[in-house]
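Read off the chains here:
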Amino acid sequence: MTSRALREIHGIPVSHQTVLNWIEAAAPLAWTALEGTKGTMAEMTVAADETYIKICGIWHYTWFIIGTESHAIWAWNVSDNRGQLPAVAVINQALDNRDPNVLGTMILAGDGNPSYDAATNAVNSDANGMPLPPEQRKVERRTVIGLRDDDEQSRQFRAFKQLTERLNRTYRYHTRSTSGHKSLNGARALTTLFVAHYNFLRPHSSKGDTPPVRLPELEGITSLQGRWLKLLSLAA
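Our subject in this report is the structure included herewith. What you are looking at is a predicted structure, and each value in this text was computed from that prediction instead of being measured.

## Re the overall build of the protein chain
Inference 1: A count of helices and strands for the protein chain gives 7 helices and 5 strands.
Inference 2: Overall, the protein chain shows an N-to-C arrangement of helices and strands of α-α-β-β-β-α-β-α-β-α-α-α.
Inference 3: With 236 residues in all, the protein chain has 47% of them scored as buried.
Inference 4: At a minimum sequence separation of 6, the contacts of the protein chain that also span at least 24 residues come to 59%.
Inference 5: If you sum the accessible surface of the protein chain, you get close to 12600 Å²; carbon and sulfur atoms cover 53% of it.

If you want it as structure tokens, here you go:
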């Protein structure tokens with residue numbers, strides 16, 4: 001799609017492989033920019049979900065944790081399974097991004113995937129695998145079941161589950177590939193660029209048509225290309 005747009009709109013002939021090379025070259029800079037400028041997570045409640053992505057003809061999974069107030073993506077991962085280990089990884093990444101001045105247990109809202117329950121138990125255990133006392137637990141799990149609000153947790157946290165579903169739709173739209181991705185590294189590179197775009201560049205109606213994370217360095221730059229170049233330059 002990108003190579004065709006460059007050719008037909010701008011008259012710039014580039015191959016699909018060249019675009020893939022650009023993606024893999026830009027992703028490390030985008031990662032550095034994300035790590036250095038995204039700030040810290042100051043909210044108590046986050047929402048988690050995973051969606052499908054095809055790599056080399058095999059279904060993989062992209063995991064996201066998004067802030068329910070900021071609407072910023074605080075953690076993400078691409079894995080070949082929906083098990084406990086990738087769930088632990090994405091939860092720990094969110095905890096690492098948490099503002100140290102925010103006290104209390106992080107509330108994790110999501111669907112009934114049992115991997116989140118197992119991961120929550122693992123994160124709330126000590127080095128010997130023993131459960132931590134309640135006052136030391138890092139994460140509390142909240143589950144949204146099915147399509148109907150038949151229980152109190154589903155009623156209370158349904159909106160947060162819908163937030164992750166909208167995020168997943170946006171992700172699939174921006175990263176869709178008719179033939180699937182060719183490598184895990186390529187899928188992770190494209191996902192990193194998506195997160196950078198989502199957090200720093202994409203206007204959100206719920207945030208007054210501003211991105212979830214506003215960077216002073218990007219203010220006043222009117223073109224998307226210019227904001228991308230400035231964002232990547234922050235990491236160079």
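Moving on, there is more to tell.
## A closer look at the packing of aromatic side chains
Inference 1: Counted according to the given criterion, the structure contains 9 aromatic pairs.
Inference 2: Ring geometry for Tyr171 versus Phe194: centroids 5.2 Å apart, planes at 70 degrees, classification edge-to-face. Within this pair, whereas Tyr171 is found in helix H5 (residues 152-175), its partner Phe194 is found in helix H6 (residues 184-201), the two being separated by 23 residues in sequence. Accessibility assignment for this pair places Tyr171 and Phe194 in one class, buried.
Inference 3: Joined through ring pairs, the aromatic side chains of Phe64, Tyr171, Phe194 and Tyr198 make up one cluster.

## Considering the sheet that holds strand E1 (residues 45-55)
Inference 1: Spatial strand order, E3-E2-E1-E4-E5: 5 strands in an open sheet with mixed pairing. Pairing within the sheet leaves two strands with one partner each, and these edge strands are strand E3 (73-79) and strand E5 (139-143). Taken pair by pair, the neighbouring strands of this sheet meet at an average axis angle of 25 degrees, ignoring direction.
Inference 2: Bridge analysis of strand E4 (residues 106-110) against E5 gives 5 bridges, and the strand direction is parallel. What sits directly across from Leu108, in E5, is Arg141.
Inference 3: Running over the sheet, helix H4 (residues 114-123) touches E1, strand E2 (58-67), E4 and E5 and is turned about 165 degrees from E5.

## Looking at the pairing of E4
Side chains on a regular strand alternate between the two faces of the sheet.
Inference 1: Burial within E4 is extensive, with 5 of its 5 residues counted as buried.
Inference 2: Alternating positions in E4 separate into two faces, Met106, Leu108 and Gly110 on one and Ile107 and Ala109 on the other, with burial throughout.
Inference 3: The pairing of E1 with E4 spans 3 bridges and is classified as parallel. Across the sheet, residue Val46 finds its bridge partner in E4, namely Leu108.
Inference 4: Regarding the hand of the β-α-β motif, the stretch spanning E4, H4 and E5 is right-handed.

## So, the pattern of salt bridges
Inference 1: Inspection of the entire model under this criterion finds 7 salt bridges.
Inference 2: We note a salt bridge from Arg82 to Glu50, for which the minimum N-O separation is 2.5 Å. Of this pair, Arg82 sits in the loop between E3 and helix H3 (84-96) while Glu50 sits in strand E1; the two residues are 32 residues apart in sequence, bridging distant segments of the chain.
Inference 3: Classification of Arg82 as partly exposed rests on a relative accessible area of 34%.
Inference 4: For Glu50, a relative accessible area of 9% translates into the label buried.
Inference 5: The closest approach of N and O atoms between Glu152 and Arg155, which form a salt bridge, is 3.2 Å. One end of the pair is Glu152 and the other is Arg155, both in helix H5 and 3 residues apart, which spans about a single turn.
Inference 6: Beyond isolated ion pairs, a larger network of salt bridges with shared partners links Asp49, Lys161 and Glu165.

## Here's the deal with the side chain of Thr210
Inference 1: As for its placement among the helices and strands, Thr210 is situated in the loop between H6 and helix H7 (224-233).
Inference 2: In this structure, Thr210 is in contact with Arg202, Pro203 and His204, ignoring residues within four places of it in sequence.

Scoring rules and cut-offs
Residues numbered from 1 in each chain as written. Predicted model: local features only at pLDDT ≥ 70, side-chain atom pairs only at ≥ 80, totals over all residues. Heavy atoms only, no water. Helix = DSSP H or I, 4+ residues; strand = E, 2+ residues; numbered from the N terminus. Buried < 20%, exposed > 50% of the residue type's maximum accessible area, 1.4 Å probe, protein only. Contact = heavy atoms within 4.5 Å. Areas by Shrake-Rupley, 256 points an atom, 1.4 Å probe, with all protein chains shown as cover. Phe/Tyr/Trp six-rings, centres within 6.5 Å; stacked < 30°, edge-to-face > 60°. Pairing = 2+ DSSP bridges. Axes fitted to C-alpha atoms, helices over the stretch in contact; angles between N-to-C directions. Right-handed = clockwise from strand over helix to strand, strands pointing away. Salt bridge = Lys/Arg side-chain N within 4 Å of Asp/Glu carboxyl O.

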